[in-house]
Amino acid sequence: MKKYGVNDLRRMYLEFFESKGHLAMKSFSLVPHNDNSLLIINSGMAPLKPYFTGQEIPPRRRVTTCQKCIRTGDIENVGKTARHGTFFEMLGNWSLGDYFKDESISYSFEFLTKVLNIPIERLAVTVYAGDNKIPFDEVSHNKWLSLGIKKERIARTVEDNFWIAGASGPCGPDTEIFYFRSNDEIPEVFDPEDDRWVEIWNNVFMEFYKDENGNVTELPKKNVDTGMGYERATAVLEGVLDNYTSSVWKDVIDLISDIAKKPYIGNEESMRIIADHIRTAVFISADPASIKPSNTDQGYILRRLIRRAIRHAKKLEIDISSDWEQRIAKLIISKYKKYYSELTENENVVLEVLKNEKEKFNRTLEKGLREFNKVSNKDIDAETAFHLYDTYGFPIELTEELAHDAKIKVDTLGF
């Protein structure tokens, strides 16, 4: 397969769906608009919820976006694995009461096989198997067969192929598309649990409504919500198993390696964390919502990420007083400024936020680490954890991470 530049996939995706009558909209702010259920935008669909609920009228019934998103639910895995990250771009296309399963599946298949030239033999799909309330998704199953996907490459599942936001609300089956990224011989029969198959696309068909009592009724207007993760798709297309070695990250990782004067191999965890967290901090700081580091809400996410990056810079023996974070931030801004104009417009703000938070945290970090080392010979009680927080500015998550490294426990409930 042909390799594409770091900005090519985003452009090709949006242009393809524009050719199918979709309105290409710019990424929304990271702060949800009129939605108290979310602290920060965590999916491509999240900013469009008012269109799905009928609160607002969409500018067009066909929409496509590349949405900036942040998820911190499994932040502890960032760095430890080759795929976890906090910030990601979600490529998506939506039908708001317009086309449905047939066109949606056709569009996704056409983009993957005709535009990106992915061989069909490397693709497999899952469809909803059905339960006692909602039937097997025969329409999606038969559509995939008509496009040339062999029946052995279509897996039927229940839990992984039904989407609902919360316990009740709009819901429906989904069909996921997988890519076989190993150099091994491709198995004839698709097994979704085989790690050599990686999910690259998901089409959600919101055709039902589930009430608080579990009753399911058909929606009068059916919608389509799709998503393809930009970082994961880029890694797949470039044939790399470690997302942080793809073109999305390679120059950033190379810069961190140069700053630390250490190789990536053997220092993967800290370098991944610095790369990911600084990129996320850049996007939060540059967001039109004007988020600043604080001890609450989105500001707390920003502060936690910057301070976590600083701690791992120290683990790499980087001179914290140098302009290391400025150099990384400037490189990230240069990579993304073509599509995200707010990065250029707010570059000075971003650099100032990073510098100020670094200096503020660095003033207390050494003292806090010394204090932690005094008490790390046993489990840390709630009062000690609070003392580290109140006196030294240690977020409880930082104390937990240090405790984990020291193989001791923290009384987080008491804290």
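Everything here concerns the structure above.
Keep in mind that what you see is a predicted model, and the values were worked out from it rather than measured. (Residues numbered from 1 in each chain as written. Predicted model: local features only at pLDDT ≥ 70, side-chain atom pairs only at ≥ 80, totals over all residues. Heavy atoms only, no water.)

**A word on the packing of aromatic side chains**
Taken as a whole, this structure holds 24 aromatic pairs when the rule is applied. Plain terms: the ring middles of Phe190 and Trp197 are 5.1 Å apart, the flat faces sit at 70° to each other, and that makes the pair edge-to-face. Per residue, the accessibility class of Phe190 equals that of Trp197, and both read buried. An aromatic cluster of at least three residues, connected via ring pairs, comprises Tyr13, Phe16, Phe17, Tyr99, Tyr107, Phe111 and Trp201. Above the plane of the ring of Phe136 lies Arg156, whose end atom (NZ or CZ) is 4.0 Å from the centre. (Phe/Tyr/Trp six-rings, centres within 6.5 Å; stacked < 30°, edge-to-face > 60°. Buried < 20%, exposed > 50% of the residue type's maximum accessible area, 1.4 Å probe, protein only. Lys NZ or Arg CZ within 6 Å of the ring centre and 35° of its normal.)

**Comments concerning the pairing of strand E8 (residues 197-210)**
Counted residue by residue, E8 has 11 buried out of 14 residues, so it is predominantly covered. Across eight bridges, E8 lies against strand E9 (residues 216-229) in antiparallel orientation. Bridge pairing in E9 places Phe205 opposite Val224. Between E8 and E9, which pair antiparallel and follow one another directly, the connecting turn spans five residues, one of which, Gly214, has a positive phi of 90°. (Helix = DSSP H or I, 4+ residues; strand = E, 2+ residues; numbered from the N terminus. Pairing = 2+ DSSP bridges.)

**Focus on the pattern of salt bridges**
Inspection of every chain in the model, using the stated rule, returns 31 salt bridges. Residues Lys101 and Glu207 are paired through a salt bridge, measuring 3.0 Å at the closest nitrogen-oxygen approach. One end of the pair, Lys101, is in helix H3 (residues 101-115); the other, Glu207, is in strand E8, with 106 residues separating them in the sequence. Taking relative accessible area as the criterion, Glu207 reaches 9% and is therefore assigned buried. Note that Asp405 is salt-bridged to Arg311, the shortest N-O span being 3.9 Å. Within this pair, whereas Asp405 is found in helix H13 (residues 396-406), its partner Arg311 is found in helix H8 (residues 297-315), the two being separated by 94 residues in sequence. (Salt bridge = Lys/Arg side-chain N within 4 Å of Asp/Glu carboxyl O.)

**What about empty space enclosed by the protein?**
This model, assessed by the stated rule, comprises three cavities of 30 Å³ or more. Roughly 70 Å³ of volume is contained in the largest cavity. Surrounding the largest cavity, Arg304, Arg307, Arg308, Arg311, Pro395, Glu397, Leu398 and Glu401 form its lining. For the lining of the largest cavity, the secondary structure elements donating two or more residues are H8 and H13. A per-element tally of the lining of the largest cavity places H8 first, with four residues. (1 Å grid on protein atoms, 1.4 Å probe; cavity = no way out; pocket = protein on both sides within 12 Å on 5 of 7 lines; lining within 4 Å. Points joined across faces, edges and corners; volume = space filled by probe spheres on them.)

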